[in-house]
Amino acid sequence: MDPVRNPYAPGAGSPPPELAGRSDVLTAGTTALQRVALGRATQSLILVGLRGVGKTVLLNRLNEAADEHKFKSAFIEAHEGKRLPELIAPSLRTILFSLSTIENSKELARRGLRGLKGFLSGLNLSVGGDEGLSLGVDAEAGLADSGSIEADLPELILAIAEAAKAAGKPVAIFLDELQYLEEREFSALIMAVHRVNQRSLPLILVGAGLPQIRGLAGNSKSYAERLFRYPEIGALSHDDAVAAIVRPAADEGVSFSDEAVERVIADTEKYPYFLQQWGYEAWNAAESEHIDLDVIVRASVEAVRELDQSFFRVRLDRCTPSEKRYMRALAEMGRGKHRSGDVADKLGLKVTSAAPTRSALIRKGMIYSPAHGDTAFTVPLFDTYMRREMPVLPGAAEEEAE
């Protein structure tokens, strides 16, 4: 069939043609935004789930909803190797400059800019190249300039929220990949949201992260569970997975046999990213406008090959040899969560010897701990990929110079 008409979208963060099974999350997020816009108390949201479940797509949809409700918004993606202040400062600058053009908030917005200048100076950061982040103001002594992010970020966010209230323009900060934040950075964010909520100011944080974010939140501040809602974003229900596969094709006049659909459901385990990949490959493999089981069998081979070369490979390439061996041992034990001691046994190591590797993989977002002492992959189907990539389980790991 014509590949130009292919309706499926397997790219990272790409909106699928049929956003099935997520209406409850979108409704809850939109309601929270509307409450903030009206000055009503509400909890910020952190979407929690494995890779490939569509968290970024949902964040983008909620960002669009914020724009529709006239929010001043920022969309930021955390990642390894860059500190939160560097990531967030340019967006906060944009919001403050925008608020400074509104008569009622002009002075408060300029105070926020002074706070941003002090914030960056206190942390010895220069953002935006050799000339730094141009703010057009001098820092205000004593405002967000102590050099402690846990003290300064709440002051800065509070100054922005006060300017937003004066302007009658609510603010929404969207922050993806929260698990990459340092614990003290996440603690500072939690404290900032707490300060804003205490003053009933119109600012909301909507974040997304891997499952370990719950533990990071709890470790940072005991009251985090009351400040945030944590919608679980997982695999789709059977009916929603069927809709995600069938409806986009039906809109183009293409049908699936029941056997073909059930094979896709089984192969993908109903995870949204994989459903899009299988749908994309099935469309391209089909020779007519009816997709049967034979087409899906051929499409599955291509889908697995594509995932191995991109979705899975890009993650594996970030890992050291010892980390790859650890993940191969975890994969040897099958799907689901397993005791970290059992993984170490598979490698012929003591738990204490394997612990640094496990911690490094958690920091990289490759694995997480569903419960104390348990370990699981953050990427669905990664166990089968590791067995394809490394057919033989390595023996006892030796200390390596890296």
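This text follows the structure it describes.
Summarised in this report is the structure supplied together with it. (Residues numbered from 1 in each chain as written. Predicted model: local features only at pLDDT ≥ 70, side-chain atom pairs only at ≥ 80, totals over all residues. Heavy atoms only, no water.)

A short note on the overall build of the chain
- Each helix and strand in the chain was counted, giving 17 helices and 10 strands.
- For the chain, the C-alpha radius of gyration of 24 Å lies close to 21 Å, the compact-globule estimate for 402 residues.
- Counting over 402 residues, the chain shows a buried share of 51%.
- Partitioning the contacts of the chain with sequence separation of at least 6, the portion at a separation of at least 24 is 78%.
- When the accessible surface of the chain is summed, it comes to about 17,700 Å², and 46% of that surface belongs to carbon and sulfur atoms.
- In the chain, 47 side chains carry a positive charge and 56 a negative one; their mean positions are 6 Å apart. (Helix = DSSP H or I, 4+ residues; strand = E, 2+ residues; numbered from the N terminus. Rg over C-alpha atoms; globule rule 2.2 N^0.38 Å. Buried < 20%, exposed > 50% of the residue type's maximum accessible area, 1.4 Å probe, protein only. Contact = heavy atoms within 4.5 Å. Areas by Shrake-Rupley, 256 points an atom, 1.4 Å probe, with all protein chains shown as cover. Lys, Arg positive; Asp, Glu negative; His and termini not counted. Charge placed at Lys NZ, Arg CZ, Asp CG, Glu CD.)

Observations concerning the packing of helix α10 (residues 258-268) against helix α11 (residues 272-285)
- For the pair α10 and α11, the least separation of the axes is 9 Å and the interaxial angle reads 135°. Judged on the interaxial angle alone, α11 and α10 are oblique. Note that α10 runs across α11; the crossing there is right-handed. Here α10 contributes V264, I265, D267 and T268 to the contact with α11, which in turn contributes F274, L275 and W278. (Axes fitted to C-alpha atoms, helices over the stretch in contact; angles between N-to-C directions. Parallel < 35°, antiparallel > 145°, perpendicular 65-115°, else oblique. Left-handed = near helix turned anticlockwise from the far one by under 90°.)

Here we look at the layout of surface pockets
- Roughly 630 Å³ of internal volume is contained in the second largest pocket.
- Forming the boundary of the second largest pocket are 25 residues, of which Q179, Q212, L216, I362 and R363 lie nearest the centre.
- Looking at the lining of the second largest pocket residue by residue, the class counts come to 8 nonpolar, 8 polar and 9 charged. (1 Å grid on protein atoms, 1.4 Å probe; cavity = no way out; pocket = protein on both sides within 12 Å on 5 of 7 lines; lining within 4 Å. Points joined across faces, edges and corners; volume = space filled by probe spheres on them. Nonpolar A, V, L, I, M, F, W, Y, C, P; charged D, E, K, R; others polar.)

A look at the sheet that holds strand β3 (residues 171-176)
- Reading across the sheet, the 5 strands line up as β2-β3-β4-β1-β5 and stay open at both edges, with parallel pairing between neighbours. Across the chains shown, the open sheet's two edge strands, defined by having one partner strand only, are β2 (72-77) and β5 (228-229).
- Relative to strand β4 (residues 203-209), β3 runs parallel, the two being bridged by 5 bridges. Paired with I173 across the strands is L205, a residue of β4.
- Sheet strands in contact with helix α6 (residues 183-198) are β1 (44-48), β3, β4 and β5, and its direction is about 150° off that of β4. (Pairing = 2+ DSSP bridges.)

Re the sheet that holds strand β10 (residues 374-377)
- On the basis of which strands lie adjacent, the open sheet formed by 3 strands has the order β8-β10-β9 and antiparallel pairing. Two strands in the sheet have a free side with no partner beyond their single neighbour: β8 (338-339) and β9 (367-368).
- Taken together, the 2 bridges between β9 and β10 define a ladder with antiparallel strand orientation. Counted as the bridge partner of Y368 is A376 from β10.
- Taken strand by strand, helix α14 (residues 321-332) contacts β8, β9 and β10, and its axis lies near 95° from that of β10.

A few points about the packing of aromatic side chains
- For the coordinates displayed, the defined rule picks out 12 aromatic pairs.
- Here Y273 and F311 contribute two aromatic rings whose centre-to-centre distance is 4.4 Å and whose plane-to-plane angle is 25°, an arrangement assigned as stacked. In this pair, Y273 is assigned in helix α11 and F311 in the loop between α12 (293-309) and α13 (313-316), connecting sequence segments 38 residues apart.
- What makes F311 buried here is its relative accessible area of 6%.
- Measuring from ring centre to ring centre gives 5.6 Å for F274 and F311, while their planes differ by 85°; the resulting arrangement is edge-to-face. Of this pair, F274 sits in helix α11 while F311 sits in the loop between α12 and α13, placing them 37 residues apart in sequence. F311 carries the same exposure label as F274, and that label is buried.
- Every member of this aromatic cluster is reached through a ring pair, and the members are Y271, Y273, F274, F311, F312, F377, F382 and Y385. (Phe/Tyr/Trp six-rings, centres within 6.5 Å; stacked < 30°, edge-to-face > 60°.)

So, empty space enclosed by the protein
- Within this structure, the stated rule accounts for 1 cavity of 30 Å³ or more.
- Estimated volume of the largest cavity: approximately 50 Å³.
- What lines the largest cavity is I157, I173, L189, A192, V193, L203 and L205.
- Broken down by secondary-structure element, the contributors of at least two residues to the lining of the largest cavity are α6 and β4.

Keep in mind these numbers describe shape, not what the thing actually does.
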